[in-house]
Amino acid sequence: MWKFPRTRYTDSNGSEASEETEIALNIGGVKHILYGDVLNRYPETRLAELVNRSTNSAQEDLSALCDDYDELKREFYFDRDPEAFKCILELYYYGEIHMKRGICPIRFKREMDYWGIDKEHLNEGCKSNLNDMETELAKIVERAKGILDALKEDVTVTRLQRCQAFLRKLMAARVFSVVSIAFILLSSVIMCVSTIPELQVQDAVGNLVENPIIDCIETTCIIWFTVKYILRFFCSSNKLRFLISFLNIIDFLTIMPFYIVLLLGTAMMGLGSVQQAVQSLRVMRISLRIMRLARVFKLARHSSGLQTLALALKFSLKELGLIFLYISVGIFLFSALGYTTEQSQPETLFTSIPLSFWWAISSMSTVGYGDIYPQTTLGKCNAAVSFMCGILAITLPLNLIINNFVTIYNKQYELEITVKHEIELMALHAEDEAQECQEAGKMPSAASVSNHSVWDSAGVTA
């Protein structure tokens, strides 16, 4: 039996509050003895309402507040998490709630909602953690929404909505994701292979151009990316939000150069000579080739590891700024010292301080290209100090960035497990309701199915 130490408090008149009858709670097999004067400190909660009703209400009224009630023992039974309830009780005794390590914040939020406690009573650190978890869960729920919508059966939806739901389910399938990754990798490899001179062919004027077979493979990949982009845009409920999303901008940049080259090349073929059009088209291809490199970032859509890395860098901007500041100060300092100490050499490589910046960058990053190097003793001592300072400037803030990455990775993993569990639970609820409705001879309603949805239970809106 779990029992908090009895505490007393005074009312607004300064007199000691009267001691009320104690009540017994059985939370998931763990028994608690609580007192009415303590619970009434927060009268809007379920426990306060329970202790007030227990003195002058019938058993039917009490059953609405608990899972079961033993009138002889005056014991209330709740099928709730006993570990989370211990944290809930801290509100009545200490005025705020601390979430214990190992308790899922999203599930703890449900426990607080059940007991009628607002999350404003949480400790500031726990509240911030809960808000971060809800924000990250909203992003993951957006991906799971297609799977959840596929489980709903609503006869009032239009044919267009059904088509969108089918496409969402199709694009959420693992096979579709694997095929997308294969096309991304294939297009990246083809982009690199196409620059090998041995695999290129000569055109009519003897210039090397891309192999026609490679062009066909590249065109096939672009067609796949285009069709996928159009389908995702068609299935999106918020078209403007879809267009300004970072990953969708990356998708657009990967397919735009192909069509720009195709359209402008066709226009030039009709306006000028063939040789001049081909030369201009080649220049455009070279200038737009750099934009094709953006397709590598498309892997972030299908890789949770890359997404975690991007989030870690986003939350580590302060630490990255420190590294940049330390390196910048060191570069300016050691390049100036290097230029000054090497002026005694007749054929010095340090001809100016701006030129010495390159030497300082390669030295402080411990890369050391060797194209510029000191020749005097003082210059070498300056270089040795720059090596050590560069190592310290990089490694000291690096530990903070690693900690941020580990924290975000653990959060992402926990959220993905939570969403997967919620999807499985909703599927079970949908199957049970379908069986019950089939036995009763009626169709299940979409509203009842959506009551078990992950975004409703998590308290977020995808």
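Note that this is a predicted model, so its numbers are computed, not measured. (Residues numbered from 1 in each chain as written. Predicted model: local features only at pLDDT ≥ 70, side-chain atom pairs only at ≥ 80, totals over all residues. Heavy atoms only, no water.)

(A) Quick peek at the overall build of the protein chain. Looking only at helices and strands, one finds 18 helices and six strands in the protein chain. For the protein chain, buried positions account for 36% of its 462 residues. Restricting to contacts in the protein chain with at least 6 residues of sequence separation, those with at least 24 account for 63%. Accessible surface, the protein chain as shown: approximately 26,800 Å² in total, 62% of it carbon and sulfur. (Helix = DSSP H or I, 4+ residues; strand = E, 2+ residues; numbered from the N terminus. Buried < 20%, exposed > 50% of the residue type's maximum accessible area, 1.4 Å probe, protein only. Contact = heavy atoms within 4.5 Å. Areas by Shrake-Rupley, 256 points an atom, 1.4 Å probe, with all protein chains shown as cover.)

(B) Quick look at the sheet that holds strand β3 (residues 68-70). Taking strand neighbours across the sheet as the criterion, the four strands line up as β2-β1-β4-β3 in an open arrangement whose pairing is mixed. The open sheet has two free edges, formed respectively by β2 (30-35) and β3, since each of these has just one partner strand. The average angle at which neighbouring strand axes cross in this sheet is 25 degrees, direction not considered. Where β3 meets strand β4 (residues 75-78), three bridges bridge the pair, whose relative direction is antiparallel. Pairing of Y69 across the sheet is with F76, part of β4. (Pairing = 2+ DSSP bridges. Axes fitted to C-alpha atoms, helices over the stretch in contact; angles between N-to-C directions.)

(C) Structural context of the pattern of salt bridges. Taken as a whole and assessed by the stated rule, the structure comprises seven salt bridges. Here E111 makes a salt bridge to R80, at a shortest N to O gap of 3.3 Å. Of the two residues, E111 sits in helix α5 (residues 105-114) while R80 sits in the loop between β4 and α4 (82-94), which places them 31 residues apart along the sequence. Overall, the relative accessible area of 23% leaves R80 in the partly exposed class. (Salt bridge = Lys/Arg side-chain N within 4 Å of Asp/Glu carboxyl O.)

(D) How the structure looks around the pairing of strand β1 (residues 22-27). Most of β1 is tucked away, with five of its six residues classed as buried. Bridging between β1 and β2 involves six bridges; their strand directions are antiparallel. Considered in β2, the bridge of L25 is made with H32. Joining the antiparallel neighbours β1 and β2 is a turn of two residues, in which G28 adopts a positive phi near 60 degrees. Of the pairings in the sheet, the one linking β1 to β4 comprises four bridges and is parallel in character. Residue I27 lies in a different strand from β4, and its bridge partner there is F78.

(E) Spatial organisation of helix α15 (residues 353-364). Its 12 residues give α15 an end-to-end C-alpha distance of 16 Å, which sits within 8% of 16 Å, the value for a rise of 1.5 Å per residue. N-cap assignment for α15: the residue whose side-chain oxygen lies 3.3 Å from the backbone N of L355 is S352. The positive-phi residue at the C-terminal boundary of α15 is T366, with phi of around 60 degrees. (Expected span 1.5 Å × (residues − 1). Polar contact = N/O pair within 3.5 Å; in protein donor to acceptor, adjacent residues only side chain to side chain.)

(F) Structural view of the packing of aromatic side chains. Within this structure, the stated rule accounts for 13 aromatic pairs. Across from the ring centre of Y114, 3.9 Å away, lies the NZ or CZ of R46, which sits over that ring. It is K239 that lies over the ring of F233; its NZ or CZ is 5.8 Å from the centre. (Phe/Tyr/Trp six-rings, centres within 6.5 Å; stacked < 30°, edge-to-face > 60°. Lys NZ or Arg CZ within 6 Å of the ring centre and 35° of its normal.)

(G) Region of interest: the nonpolar core. Among the nonpolar cores identified, the biggest contains 41 residues, and L25 and F108 are the most heavily contacted of them. Sorting elements by how many residues they give to this core places α4 first, with eight residues. Setting aside residues no more than four positions away along its own chain, F108 makes contact with A84, C87, I88, I97, M99, I103 and L122. Residues I323, I372, A383 and I401 belong to the second largest nonpolar core, which totals 12 residues. (Core = buried A, V, L, I, M, F, W, Y, C linked by side-chain atoms within 4.5 Å.)

(H) Region of interest: unusual backbone geometry. A positive phi angle is found at T366, which is not glycine, with a value near 60 degrees. Assignment of secondary structure puts T366 in the loop between α15 and α16 (377-440).

(I) Representation of the packing of helix α14 (residues 317-341) against α15 within the structure. Contact geometry of α14 with α15 gives a least axis separation of 8 Å together with a crossing angle of 120 degrees. In terms of axis orientation, α14 runs oblique to α15. Where α14 crosses over α15, the handedness of that crossing is right-handed. Within the contact between the two elements, α14 uses I327, G330, I331, F332, F334, S335, A336 and Y339 and α15 uses I353, S356, F357, W359, A360, I361 and M364. Considered class by class, the residues forming the contact of α14 with α15 number 12 nonpolar, three polar and no charged. (Parallel < 35°, antiparallel > 145°, perpendicular 65-115°, else oblique. Left-handed = near helix turned anticlockwise from the far one by under 90°. Nonpolar A, V, L, I, M, F, W, Y, C, P; charged D, E, K, R; others polar.)

(J) Representation of a nonpolar patch on the surface. Taken together, L306, L309, L313, L317, L320, L398, I402, F405, V406, Y409, Y413 and I417 make up a surface patch of nonpolar side chains, about 1,000 Å² in accessible area. Every element with two or more residues in the nonpolar patch is listed here: α13 (304-314), α14 and α16. Here I402 shows up in helix α16. Assessed through its relative accessible area of 45%, I402 is described here as partly exposed. (Patch = residues over 30% accessible without salt bridge, like charges linked within 9 Å, V, L, I, M, F, W, Y side chains within 5 Å.)

(K) Representation of the packing of α4 against α5 in the model. Packing of α4 against α5 brings their axes to within 10 Å, and their N-to-C directions diverge by 60 degrees. The orientation of α4 with respect to α5, classified from their angle, is oblique. As for how α4 packs across α5, the hand of that crossing is right-handed. Side by side, α4 and α5 meet where A84, C87 and I88 of the first sit next to F108, E111 and M112 of the second. Tallied by class, the residues present in the contact of α4 with α5 amount to five nonpolar, no polar and one charged.

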